[in-house]
Amino acid sequence: MSLAEDLEYPHTLIQYQNGFLISKVIFAACELGVFDLLSKSEETLSLRTIAEELGTSLQGMERLLDACVGLKILAVEVKKEGAFYGNTKISSLYLTKSSPKSQYHNLMYYSKTIYLCWHYLTDAVREGKNQSERAFGVSSHDIFEALYRSEEEMIKFMSGLNAIWSICGKDVIAAFDLAPFTMIYDLGGGAGALAQECVSLYPNCTVTIFDLPKVVQTAKKHFVSSEDSRINFHEGDFFKDPIPEADLYILARILHDWADEKCVQLLTKVQKACKTGGGVLLVETLLNEDKSGPLESQLYSINMLVQTEGKERTSTEYSMLLAAAGFKKIEIKKTGKLYDAILGRK
Ligand code: SAM
């Protein structure tokens, strides 16, 4: 069924209208710990046990669990004694905190931060700028000052962004053969999940996570094991401080934060620092050339409007930014997942 076939009854439109209700059901079930409780239990659990263990009302929990069943992220078995609930394969894999592929922190970031910013989407469209002031009461001038308005918020941001690389990281790192590049800098490398994917796929490389000092200190303390000698750290501001020489620079979800002029400024600095024969790997979600899709990329571009100074771009737009900074032989690889890879060479 598509929107065009809905003239008799607007089925798709009603699904769209209810989109945020669905998001909220998943956010609440994650936040209350429904999937974690069920994953710890050897057997399915009754409504009463779940509500008691999680300290909620019976009537609220019943509706939440039933909606999760409707969404097929919980399974239900109706016995003589009542309904018993258990995780499905999808919820065990992606919604429990302890799963290696957990998207829990990503969903929590959506629930606690992105959702708030999107409340002001109409204002963002009218004004053409991010909504940090309205959503968080902090100046929208320096986007990372606003995003990192407290240590707690910074950790939530880092955990949220890190989660996606457990499901998309290998694809972007394997999109090109990066084996010839042994000294790699991950600029704005955050909590380091992509750096970890990189060293596990290319055991001969070392990856240095370059990020703002407080992010690097938090990555060391909470996210990256000090036992992995192939991952190093560098505290700095990539706009203001020198960028050290390397074979390859990874910029994952960096350019989408910034307007074109700042992207060219940063890429030019990277190009100057890069060894001859080296390169830059951009990891971003790519819009179709005519911007007709994919829907996720279009929505993420709106998210960049409400949260940052940037936007999502097409392959041609990224190629033009790279060319303006002096990179040559630009290649694009679509992965079929959320994030794609673009390699430019010096
Ligand atoms: N690359 C990571 C990923 O894809 O998961 C993080 C992407 S996040 C959208 C942008 C990153 O750029 C953050 O880790 C942020 O701290 C870092 N960043 C922002 N401004 C920076 C600056 N001026 N110098 C260095 N890092 C910066």
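Residues numbered from 1 in each chain as written. Predicted model: local features only at pLDDT ≥ 70, side-chain atom pairs only at ≥ 80, totals over all residues. Heavy atoms only, no water.

Draft legend 1. Just the state of the cysteines, in detail. With the rule as written, the count across this model stands at 0 disulfides. A disulfide-free cysteine, Cys68 has its sulfur positioned 8.5 Å from the sulfur of Cys30, the nearest such atom. Take Cys168: it sits in no disulfide, and the sulfur closest to it among the cysteines is that of Cys198, at 16 Å. (Disulfide = S-S within 2.5 Å.)

Draft legend 2. Geometry of the site of the ligand. Near the ligand you find 20 residues, and of these Tyr148, Gly188, Asp211, Phe238 and Ala252 are the closest. In the model, a nitrogen atom of the ligand is placed 2.8 Å from a nitrogen or oxygen of the Phe238 main chain. Within the backbone of Ala252, an N or O atom sits 2.8 Å from a nitrogen atom of the ligand. Calculation on the ligand without its partners gives an accessible area of 590 Å², and the protein chains cover 95% of this total. Per-class residue counts for the shell around the ligand are 12 nonpolar, 4 polar and 4 charged. For the shell around the ligand, the domains that each give at least three residues are domain 2 (104-159) and domain 3 (169-345). (Near = heavy atom within 4 Å. Polar contact = N/O pair within 3.5 Å; in protein donor to acceptor, adjacent residues only side chain to side chain. Areas by Shrake-Rupley, 256 points an atom, 1.4 Å probe, with all protein chains shown as cover. Nonpolar A, V, L, I, M, F, W, Y, C, P; charged D, E, K, R; others polar. Domains from an automatic or database assignment.)

Draft legend 3. Just the pairing of strand S2 (residues 74-79), in detail. Bridge count between S2 and strand S3 (residues 82-87): 6 bridges; the pairing is antiparallel. Looking across to S3, one finds that Glu77 is bridged to Phe84. Hairpin remark: S2 followed by S3, antiparallel, with 2 residues in the connecting loop. (Pairing = 2+ DSSP bridges. Helix = DSSP H or I, 4+ residues; strand = E, 2+ residues; numbered from the N terminus.)

Draft legend 4. Broad picture of the pattern of salt bridges. Under the criterion given, the structure shown has 14 salt bridges. Of the charged contacts in the structure, one is a salt bridge between Lys329 and Glu331, with a shortest N-O distance of 3.9 Å. Accessibility expressed as a relative area gives 57% for Lys329, which makes it exposed. Under the relative-accessibility criterion, Glu331 is labelled partly exposed at 31%. Here the residues in one salt-bridge network are Asp123, Glu127 and Arg134, joined through shared partners. (Salt bridge = Lys/Arg side-chain N within 4 Å of Asp/Glu carboxyl O. Buried < 20%, exposed > 50% of the residue type's maximum accessible area, 1.4 Å probe, protein only.)

Draft legend 5. Broad picture of the domain arrangement of the protein chain. As far as domains go, the protein chain holds domain 1 (3-94), domain 2 (104-159) and domain 3 (169-345). For domain 1 versus domain 2, the separation of C-alpha centres amounts to 27 Å. Contacts between the two partners involve 7 residues from domain 1, matched on the other side by 7 residues from domain 2. Across the interface of domain 1 and domain 2, roughly 730 Å² is buried in total on both sides, 68% from carbon and sulfur atoms. It is Phe27, Cys30 and Glu31 in domain 1 that bury the most area against domain 2; as a group they hold 64% of the surface buried on that side. Along the contact surface separating domain 1 from domain 2 lie 1 salt bridge. At 6 residues, the largest contribution of residues to the side of domain 1 that touches domain 2 is made by helix H2 (residues 19-32). Partitioning the side of domain 1 that touches domain 2 into residue classes produces 5 nonpolar, no polar and 2 charged. (Contact = heavy atoms within 4.5 Å. Buried area = accessible area lost by both parts, 1.4 Å probe.)

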